[in-house]
Amino acid sequence: MSLRHALLGLLSERPASGYDLLKRFETSLATVWPATQSQMYGELSKLADAGMISVSAEGPRGRKEYTLTTEGLAELRHWLTATKPQRNTRSDILLRVFFLGVLTPEEARGYLTELVELSEHEYENLRRLNDSIDWGDDPLSVHGKIALEYGLRFNAMRREWAEWAAGQIK
C-alpha cells in the first residue's frame, strides 16, 4: 500500500480538502498506514499532476477540495484487484526476540513484559477509538471497523504471545 492509494481510497468516499483528509486519516487509516501532513499534501499535489484527482472547489486561505477522477478510481481499482499485497517480512520486535539470548533472563523477560504492556496500550487506544467513532453503514465505516477489529485482535494475540514467551525463558 502507498499513501497514494490511501488518499485515493478516502476520496472515493467523497470529495475532501487536504485538512479534511488529514483528520479522516488520523481517525481511520493512521493505525495501519501513518503519514505526516507534509507527506499527505505532497502526495495530493502528485495525484493532481497525474490527473488522478482534481480540485473541485477552492476556498479562503488557499483551501482546495479534491475529487477523485475517473483515472484515480481506475488506479484504485487496479491496485485493489490486480496487485498483490506486499508481505511485511520485517519486524523489529521479532528480530530482537531472536537475540534475547545475549541478555540475562530477567532482561529478556523484561523486554517481553514491555511488549505485553505495549500491546495492552495499543489495544486500549484502538478500543477508545472504536468507541469514539459514530460508525455508519457507509463503505468506509463498515470496512474501517473491520480493519480496526484486525488491530484489536492483533494486539490481543501479541499480548498473549508475549506472556507465553516470557514464561519460556528460564
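Conventions and cut-offs
Residues numbered from 1 in each chain as written. Predicted model: local features only at pLDDT ≥ 70, side-chain atom pairs only at ≥ 80, totals over all residues. Heavy atoms only, no water. Pairing = 2+ DSSP bridges. Helix = DSSP H or I, 4+ residues; strand = E, 2+ residues; numbered from the N terminus. Salt bridge = Lys/Arg side-chain N within 4 Å of Asp/Glu carboxyl O.

Observations regarding the pairing of strand β2 (residues 53-58)
Strand residues, when the strand is regular, have side chains that alternate between the two faces of the sheet. Inspection of the sheet shows β2 paired to strand β3 (residues 64-68) by 5 bridges, in the antiparallel sense. Looking at the pairing, I53 lines up with L68 of β3.

As for the sheet that holds β3
Read across the open sheet, the 3 strands follow the order β1-β3-β2; overall the sheet is antiparallel. In the strand order of this sheet, the two ends are held by β1 (16-17) and β2, each with one partner. Sheet analysis places β1 next to β3, joined by 2 bridges and oriented antiparallel. Residue pairing for β3: S17 is matched across the bridge by E65.

Some remarks on the pattern of salt bridges
Within this structure, the stated rule accounts for 9 salt bridges. Among the salt bridges present, the one from D20 reaches R63, with a minimum N-O distance of 3.0 Å. With D20 in helix α2 (residues 18-27) and R63 in the loop between β2 and β3, the pair connects residues that are 43 residues apart, well separated along the chain. For the salt bridge of R109 with E106, the shortest nitrogen-to-oxygen distance reads 3.7 Å. Taken together, the residues R109 and E106, both in helix α6 (residues 105-132) and 3 residues apart, mark about one turn of the helix.

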